[in-house]
Amino acid sequence: MLIFRKPIAGVERPQMPADVVIVGGGPAGMACALRLAQLIDAHNASHPDAQLSKENIYVLEKAREIGQHCLSGALLDPRSIQELLPDFKKDAPLDAEVTKEAVYFLTQKGKFKLPITPPFLRDHGNYVISLNRFVKWLGGKVEETGITIFTGFAGSELLFDGDRVTGVRTDDKGVDKEGHQKSNFEPGYDLQAKVVILAEGPRGSLTKQLIAKFDLAKNANPQTYGVGVKELWEVPAGRIAAGEVIYTMGWPLTTKEYGGAWIYGSPGSGPNDNVVSLGFVTGLDYEDPRLDPQRVLQEFKRHPFVAKLLEGGKMIRYGAKSMPYGGWWAIPPVAGNGWMILGDSAGFLNSARLKGIHLAIKSGMLAAETAFEALTKDDSSSATLGAFQKKVESSWIKEELWKVRNLHQGFAHGMYAGMFHTGLQMITGGRGLRNRYPAKAGYEHMHKLADLSADGGAEAHMLGPAKGDGKLTFDKLTDLYHSGTKHEEDQPAHLVIDDINICNTRCVKEFGSPCQNFCPANVYEMVEDASQPNGKRISLNPSNCVHCKTCDIADPYQIITWVPPEGGGGPNYDGM
Ligand SMILES: Cc1cc2nc3c(=O)[nH]c(=O)nc-3n(C[C@H](O)[C@H](O)[C@H](O)COP(=O)(O)OP(=O)(O)OC[C@H]3O[C@@H](n4cnc5c(N)ncnc54)[C@H](O)[C@@H]3O)c2cc1C
Ligand code: SF4
């Protein structure tokens, strides 16, 4: 069941006509806006009597500043940015070109370097970037074209007319905790749009609404996800070269969990340091509800190989974000009557390569070409927008994702089975044992406490909160402080729990309240309350939320819905 914050009743909302509304100003949304502007400019140059306007094309971005909510590794495969902006190298913020890569398998104290880097992890020709700086740069290019980017505005609801999406309602501002208007109340706008493009990133909230309303996922595998917890470190010069890339598998995960780490080197701001981007992606299909992905990263850093790299350095930034792992079979239809879905919202991510930026950009470009056709024909029905689906299927997006279509599903029974399936899939063009491997949603893998060993067994070192030594490892609140997260405190909670009784009566007993563990920002707490049957009640700190969407994805009862908070609130990522 989908639960959203109740809209304030009896409010008149300003109506605003729009040609195209793009919800989400990440790489997909920005690339879409820029390509659309390029096509309109080219059209106008050759059609002086049939000019198209860019005035009514809008990008909505919930962050206060462009790029502020974007977090990634990040290595950029330049394939699509090269197509969009052939001169990108002139002024794009590229930190370093990849010169060296290695893949290690870690045991608790040891490491084995793979003699050959698997083809999908070869990164020569790619660039180390900070996604939020890259998106800021791309956003600047969009603004130069005359397209308006509304920062600090979230798309909070879709508008429908029967089976057609007719627009987007933006968030109300100035609403208090109880849902009453404050003195600074401003109702959201109803943007009545010919074409609505959803580019909200992973587990988009409007995308979720759309998929549920039209049952779009009925023929797809359930989407599965991982959550990446990241820190940025300044380390003494010489520890890692700018452009050096390290991937690890194994420790601290056991053979049962899916995931791995990245370490990327960038030049530092001063002569005596390097910046290291490091993070751990944990598949959100683990069994033990006590597992804590932020702790996984802390344990990873305690490995001698990583600890040595970071010794004498300083953690400067923290953040977390989910990513869709499900691959080709988990992608729902991406176009319909009045709408298209792009990037991570659709699931265009190559989990074998840990890369989605290039696919997000390419999907944005293809959607722009389709929207352009819709504007010139003045028809945004599925007859016209359906072309986006076909464009994706005949582009290199499908070619790339088809080869890894069964990758993540192959790991459903652990690492050894996963390696066997991966090997087989590599020699059969992605097929493996059958054309389509099935999948179940990640939360369905979670076991009840009664079925797990009380001491955590082989997973014990990843369970419960990290304490942190304050130098190499950190507790969640210390980490969170480095994400710059801020929200207006007096607003309705943007984590909507369908039935709190389930948290206080069933979940606490059956799963031990896993929200406390999987949330990388300490939003969920079980506090003492003698009036409750189990002596505890759930309490929320929504202001801490870094918008990673893990709770919406991993909650075993599927009763948590993440909705956009008042626009402008959230993390303040810089260099992430
Ligand atoms: C930890 C991690 C490491 C990764 N490493 C790499 C890597 O090295 N290389 C690579 O290519 N890919 C990597 N990826 C994947 C890559 O970051 C994504 O595929 C890519 O960012 C997807 O782009 P997007 O535009 O679809 O979504 P996003 O980048 O998520 O952007 C979505 C934007 O929409 C905004 N938004 C969301 N909802 C709303 C709303 N309702 N209203 C208004 N605004 C909204 C968000 O604030 C955000 O700015 C990584 C991902 C993660 C999480
Ligand atoms: S509340 Fe949910 S979306 Fe926010 S940081 Fe925690 S897990 Fe992520």
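Owing to the predicted nature of the structure, the values given are computational and were not obtained by experimental measurement.

1. Section: the overall build of the chain
What the chain contains, in helices and strands, is 16 helices and 24 strands. In terms of overall dimensions, the chain is globule-like: its C-alpha atoms have a radius of gyration of 23 Å, near the 25 Å expected for 576 residues. When its C-alpha atoms are laid out on the principal axes, the chain stretches across 70 × 60 × 50 Å. Looking at the chain residue by residue over its 576 residues, the buried ones come to 62%. Sequence separation of 24 or more characterises 78% of the internal contacts of the chain that already satisfy a separation of 6 or more. In the chain, 62 side chains carry a positive charge and 67 a negative one; their mean positions are 5 Å apart.

2. Details of the state of the cysteines
For the coordinates displayed, the defined rule picks out zero disulfides. Here Cys 503 stays free of any disulfide, with the sulfur of Cys 507 as its closest cysteine sulfur at 6.4 Å.

3. Examining the sheet that holds strand E14 (residues 225-236)
Taken in spatial order, the seven strands make up an open sheet running E6-E5-E15-E16-E17-E14-E18, and their pairing is mixed. The open sheet terminates on both sides in strands that have one partner only, identified here as strand E6 (111-113) and strand E18 (314-324). Pairwise comparison of adjacent strand axes, ignoring direction, gives a mean angle of 20° for this sheet. In this sheet, strand E16 (residues 259-267) lies alongside strand E15 (residues 244-250) in antiparallel orientation, the contact comprising four bridges. In the sheet register, Ile 246 faces E16, and the bridge partner there is Ile 263.

4. Some remarks on the environment of Leu 36
Among the structural elements, Leu 36 can be located in helix H1 (residues 27-46). Spatially, the C-alpha atoms of Leu 36 and Gly 410 are 38 Å apart, while their sequence positions differ by 374 residues. Once you skip the residues sitting within four places of it in the chain, Leu 36 turns out to touch Val 20, Ile 57, Ala 368, Ala 371 and Phe 372.

5. Observations regarding the site of ligand 1
Around ligand 1, 39 residues are found, and the nearest of them are Glu 61, Ser 72, Leu 75, Lys 321 and Asp 344. Within the contact set of ligand 1, a nitrogen atom lies 2.9 Å away from a backbone nitrogen or oxygen of Gly 155. Lys 321 has a polar side-chain atom sitting 2.4 Å from an oxygen atom of ligand 1. In isolation ligand 1 exposes 1000 Å². Once the protein is present, 99% of that is buried.

6. Observations regarding the packing of aromatic side chains
Following the criterion strictly, the structure yields 15 aromatic pairs and no others. Seen from their ring centres, Phe 88 and Tyr 127 are 6.3 Å apart, and the 85° between their planes marks the pair as edge-to-face. Taken together, the residues span a long stretch of sequence, with Phe 88 in the loop between helix H2 (79-84) and strand E4 (96-97) and Tyr 127 in strand E7 (residues 127-128) at a distance of 39 residues. Taking relative accessible area as the criterion, Phe 88 reaches 1% and is therefore assigned buried. Pairing Tyr 258 with Tyr 325 gives two aromatic rings, centres 5.1 Å apart and planes at 90°, and the pair type is edge-to-face.

7. Some details on the pattern of salt bridges
In total, this model carries 31 salt bridges according to the counting rule given. Note that Glu 299 and Arg 295 form a salt bridge whose closest N and O atoms lie 3.4 Å from each other. Of this pair, Glu 299 and Arg 295 both sit in helix H5 (residues 293-302), four residues apart, roughly one helical turn. Overall, Glu 299 belongs to the buried group, its relative accessible area being 11%. A relative accessible area of 16% places Arg 295 in the buried class. With its nearest N and O atoms 3.6 Å apart, the salt bridge here joins Arg 506 to Glu 510. A residue pair is termed a helical-turn pair when its members lie 3 or 4 positions apart in one helix, as Arg 506 and Glu 510 do in helix H14 (residues 500-510) at four residues. Arg 506 sits in the partly exposed class, given a relative accessible area of 39%.

8. Brief notes about the environment of Asn 132
Mapped onto the fold, Asn 132 is located in helix H3 (residues 131-144). Distance from Asn 132 to Leu 71, taken between C-alpha atoms, is 6.3 Å for residues 61 residues apart in sequence. A distance of 3.2 Å separates a polar atom in the side chain of Asn 132 from a polar atom in the side chain of Ser 130. From its side chain, Asn 132 meets the backbone oxygen of Tyr 573 in a polar contact 2.7 Å long.

9. Remarks on unusual backbone geometry
Among all residues save glycine, negative phi is the norm, and among peptide bonds the norm is trans. Look at the link from Gly 73 to Ala 74: it is a cis peptide, with omega at 5°. Checked against the element boundaries, Ala 74 lands in the loop between strand E2 (57-61) and strand E3 (75-76). Cis geometry marks the peptide bond from Trp 251 to Pro 252, where omega comes out at 5°. If you trace the backbone, Pro 252 turns up in the loop between E15 and E16. If you check the backbone angles, His 547 has positive phi at about 65° while not being a glycine. One can find His 547 in the loop between strand E23 (536-540) and helix H16 (550-554).

10. Some thoughts on the sheet that holds E7
Judged by pairing direction, the sheet is antiparallel, and its three strands sit side by side in the order E3-E7-E4 without closing on themselves. Strand pairing shows two members of the sheet lacking a second neighbour, E3 and E4, which therefore form its edges.

11. Details of helix H4 (residues 205-213)
Turning to H4, its buried residues number three or more, namely Ser 205, Leu 206, Thr 207, Lys 208, Gln 209 and Leu 210. Looking at the residues trailing H4, positive phi occurs at Asp 215, about 50°.

Parameters at a glance
- Residues numbered from 1 in each chain as written.
- Chains lettered and ligands numbered in written order.
- Predicted model: local features only at pLDDT ≥ 70, side-chain atom pairs only at ≥ 80, totals over all residues.
- Heavy atoms only, no water.
- Helix = DSSP H or I, 4+ residues; strand = E, 2+ residues; numbered from the N terminus.
- Rg over C-alpha atoms; globule rule 2.2 N^0.38 Å.
- Buried < 20%, exposed > 50% of the residue type's maximum accessible area, 1.4 Å probe, protein only.
- Contact = heavy atoms within 4.5 Å.
- Lys, Arg positive; Asp, Glu negative; His and termini not counted.
- Charge placed at Lys NZ, Arg CZ, Asp CG, Glu CD.
- Disulfide = S-S within 2.5 Å.
- Pairing = 2+ DSSP bridges.
- Axes fitted to C-alpha atoms, helices over the stretch in contact; angles between N-to-C directions.
- Near = heavy atom within 4 Å.
- Polar contact = N/O pair within 3.5 Å; in protein donor to acceptor, adjacent residues only side chain to side chain.
- Areas by Shrake-Rupley, 256 points an atom, 1.4 Å probe, with all protein chains shown as cover.
- Phe/Tyr/Trp six-rings, centres within 6.5 Å; stacked < 30°, edge-to-face > 60°.
- Salt bridge = Lys/Arg side-chain N within 4 Å of Asp/Glu carboxyl O.

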